[in-house]
Amino acid sequence: MFSDVLLQGRRVDLRCQSGPSRSPTPGLITAIEAAGTLVPLGDETVVVGGMLTPPTAEPHVHLDAVLLGARVPNRSGTLREGIANWAAIRPTLTREDVLERARTVVGWYRQHGTLRIRTHVDTGSRVAVEALLELREEQAGSTEIQVVAFPQEGILRAAGRREAWEDAVALGCDAVGAIPHFERTTEEGWQSVRMAFDLAERHGKRLDFHCDETDDPGSRNLEVVCAQAIDRGFGGRVVAGHCTALHSYPNPYAAKVCELVATSGVQVVANPLDNVVLQGRYDSYPRRRGITRVDALWEAGASVGIGHDSVMDPWYRLGTANLLDAASMLVHVAQLTGEDQMRRVFHTLSRENHLPFGEAPRTAVGQPATMLWYAAADEIEAIRTREKPRVFVSGVEA
Ligand code: FE2
């Protein structure tokens, strides 16, 4: 049992049944009472103090590219060179190589208590698509993986790209991706958004856009994604990742877009680790941070998730697959250092980050005792130390 532990803002005692010998409810949470109420049973292990949360979810990472950063060094540290380096190494990928790197990083996520992962896969590599779909099945017993068919180089810029993207969806990807700001023209970007919705409708899939990942205030695809989500009844099944142009929009237009995001039910996923180093590269000084407007989106009532995006890949050479790193970075660069703001960022990892998968898990009586225990006294301390939690799966420590 857990004694005097912080759970959803109050101190409680929590008991779970950890195995078959503890029938009739193995693996479930059986009691949650005010701290000091529950008395340990004879041989029961007791964890005292700290904090409990549901497991975290990763809404945005590129598992096909993880751990490649050292193989193709990014001399300038820029997005442009990252794309070029990825394009150069992509034809050399093998099934075994993709699987081994992705498997390693999924293990790192699991050690940090992240048991759901949504990965994008570049549809320009059939090898990578097949490998990550194989990984999804291989890991199904311990980690829920979703694969997004992501056309890294767009679908309208060159012959064959649309077909490869459609093939990846037909092969069984869970969601349709697109990158409208990277298409040749504004109109072709909007067209790619509509094509993505068409494809998702045909296959009954969700959608996950790389949307306006630029400092260009003229990059205005997010409003089109939201309008399409409303018109086609896709609320709750659409994610727009990055959305860094929102940072640079004129304030009146940004306010309109934030309201539209909230109305449409589209979730914005911020990726602060990559974007704080990749954006602002065309600026001299002052240099923009290039993180989407999280506080304004919250104020409008929109759902915001937080992704790690890269783990030691051609775009971002750092990272440990610890979502608290992304949370800490977001708190700093988006100036979310108010007490309640930091707590909200922390809980986003185990609440809003689950939205792409469906329901967020709950730590409640009758629910599976799959949860994370942090030694930290509270949410702010956990962001400060970015500690690795102890991970309990159905009442058993992993
Ligand atoms: Fe991304």
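Given the structure is predicted, the values throughout are model-derived calculations rather than measurements. (Residues numbered from 1 in each chain as written. Predicted model: local features only at pLDDT ≥ 70, side-chain atom pairs only at ≥ 80, totals over all residues. Heavy atoms only, no water.)

Re the overall build of the protein chain
Next, step 1: Assigned secondary structure in the protein chain consists of 13 helices and 16 strands.
Next, step 2: Compactness check: the protein chain gives a C-alpha radius of gyration of 21 Å against a globular reference of 21 Å for 398 residues, within 12% of the reference.
Next, step 3: Put simply, the protein chain has 398 residues, and 57% of those count as buried.
Next, step 4: Intrachain contacts of the protein chain at a sequence separation of at least 6 include 77% that bridge at least 24 residues.
Next, step 5: When the accessible surface of the protein chain is totalled, it reaches about 15,900 Å², and 51% of it is carbon and sulfur.
Next, step 6: Between the centroid of the 42 positive side chains of the protein chain and the centroid of its 51 negative side chains there is a distance of 1 Å. (Helix = DSSP H or I, 4+ residues; strand = E, 2+ residues; numbered from the N terminus. Rg over C-alpha atoms; globule rule 2.2 N^0.38 Å. Buried < 20%, exposed > 50% of the residue type's maximum accessible area, 1.4 Å probe, protein only. Contact = heavy atoms within 4.5 Å. Areas by Shrake-Rupley, 256 points an atom, 1.4 Å probe, with all protein chains shown as cover. Lys, Arg positive; Asp, Glu negative; His and termini not counted. Charge placed at Lys NZ, Arg CZ, Asp CG, Glu CD.)

Considerations on the packing of aromatic side chains
Next, step 1: If you walk through the whole model with that rule in mind, you get 6 aromatic pairs.
Next, step 2: Between tryptophan 86 and tryptophan 315, the aromatic rings sit 6.0 Å apart at their centres with planes inclined by 45°, giving tilted as the arrangement. Here tryptophan 315 lies in the loop between strand 13 (304–306) and helix 11 (323–333) and tryptophan 86 lies in helix 1 (residues 79–89), a separation of 229 residues in the sequence. Here tryptophan 86 and tryptophan 315 have matching classes, each one buried.
Next, step 3: Among the aromatic residues, those joined into a cluster by ring pairs are Phe197, Phe209 and Phe234.
Next, step 4: The aromatic ring of phenylalanine 234 is capped on one face by arginine 237, whose charged end is 4.3 Å from the ring centroid. (Phe/Tyr/Trp six-rings, centres within 6.5 Å; stacked < 30°, edge-to-face > 60°. Lys NZ or Arg CZ within 6 Å of the ring centre and 35° of its normal.)

Focus on helix 12 (residues 339–348)
For an α-helix, 3.6 residues make a turn, and residues three or four places apart therefore share a direction.
Next, step 1: Along helix 12, the positions that sit buried rather than exposed are Met342, Val345, Phe346, His347 and Thr348.
Next, step 2: Considering only its buried residues, helix 12 is in contact with strand 5 (51–53), helix 10 (294–300), strand 13, helix 11, strand 14 (371–374) and helix 13 (379–385).

Focus: the packing of helix 2 (residues 95–111) against helix 3 (residues 126–138)
Next, step 1: Contact geometry of helix 2 with helix 3 gives a least axis separation of 9 Å together with a crossing angle of 45°. When the interaxial angle is binned, helix 2 and helix 3 end up oblique. As for how helix 2 packs across helix 3, the hand of that crossing is right-handed. Residues Arg95, Val98, Leu99, Ala102, Arg103 and Val106 of helix 2 pack against Val127, Ala128, Ala131, Leu132, Glu134, Leu135 and Glu138 of helix 3. (Axes fitted to C-alpha atoms, helices over the stretch in contact; angles between N-to-C directions. Parallel < 35°, antiparallel > 145°, perpendicular 65-115°, else oblique. Left-handed = near helix turned anticlockwise from the far one by under 90°.)

Things to note about the side chain of threonine 363
Next, step 1: Following the sequence through the fold, threonine 363 ends up in the loop between helix 12 and strand 14.
Next, step 2: What threonine 363 contacts, discounting residues up to four positions off in sequence, is Leu7, Gln8, Leu14, Ile29, Ile32, Thr53, Pro54 and Met371.

What about the coordination of the iron ion?
Next, step 1: The protein atoms that coordinate the iron ion are His60 (NE2), His62 (NE2), His210 (NE2) and Asp309 (OD), at distances of 2.2 to 2.5 Å.
Next, step 2: If you look at the iron ion, its 4 donor atoms make angles of 84 to 171° with each other, and the shape they trace is irregular.
Next, step 3: Given a relative accessible area of 3%, histidine 210 falls into the buried group. (Donors = N, O, S within 2.8 Å, 3.2 Å for Na, K, Ca; no water. Tetrahedral: all angles 85-135°; square planar, octahedral: opposite > 155°, others 65-115°.)

A look at the sheet that holds strand 10 (residues 206–211)
Next, step 1: Spatial ordering of the open sheet is given by 6-7-8-9-10-11-12-13, a layout of 8 strands whose pairing is parallel. The sheet terminates laterally at strand 6 (56–61) and strand 13, the two strands that pair on one side only. Between one strand axis and the next, the sheet turns by 25° as a mean value, whatever way the strands run. (Pairing = 2+ DSSP bridges.)

Concerning the packing of helix 6 (residues 222–231) against helix 8 (residues 251–264)
Next, step 1: Close contact between helix 6 and helix 8 brings their axes to 9 Å; oriented N to C, the two are set at 30°. Classified by the angle their axes make, helix 6 and helix 8 are roughly parallel. Considering only the axes of helix 6 and helix 8, their crossing is left-handed. From helix 6, Leu222, Glu223, Cys226, Ala229 and Ile230 reach across to helix 8, where they touch Tyr253, Lys256, Val257, Leu260, Val261, Thr263 and Ser264.
Next, step 2: The residue makeup of the contact of helix 6 with helix 8, split by class, is 8 nonpolar, 2 polar and 2 charged. (Nonpolar A, V, L, I, M, F, W, Y, C, P; charged D, E, K, R; others polar.)

Considerations on the pairing of strand 2 (residues 10–16)
Next, step 1: Burial runs high along strand 2: 5 of the 7 residues are buried.
Next, step 2: Sheet analysis places strand 2 next to strand 3 (residues 29–34), joined by 5 bridges and oriented antiparallel. The residue bridging cysteine 16 from the neighbouring strand is isoleucine 29, located in strand 3.

Details of the domain arrangement of the protein chain
Next, step 1: If you check the domain split of the protein chain, you get domain 1 (2–54 + 362–397) and domain 2 (56–357).
Next, step 2: Here the C-alpha centre of domain 2 lies 32 Å away from the C-alpha centre of domain 1.
Next, step 3: Summing both partners gives a buried area of about 1,500 Å² for domain 1 against domain 2, and 69% of it is carried by carbon and sulfur.
Next, step 4: There are 3 salt bridges connecting domain 1 and domain 2.
Next, step 5: Put simply, aspartate 378 and arginine 343 hold a salt bridge, and the shortest N to O gap is 3.7 Å.
Next, step 6: Inspection of the region where domain 1 meets domain 2 yields 5 residue pairs in polar contact (both at pLDDT 80 or more).
Next, step 7: Looking at the side of domain 1 that touches domain 2, the elements with two or more residues in it are strand 5, strand 14, helix 13 and strand 15 (390–393). (Domains from an automatic or database assignment. Buried area = accessible area lost by both parts, 1.4 Å probe. Salt bridge = Lys/Arg side-chain N within 4 Å of Asp/Glu carboxyl O. Polar contact = N/O pair within 3.5 Å; in protein donor to acceptor, adjacent residues only side chain to side chain.)

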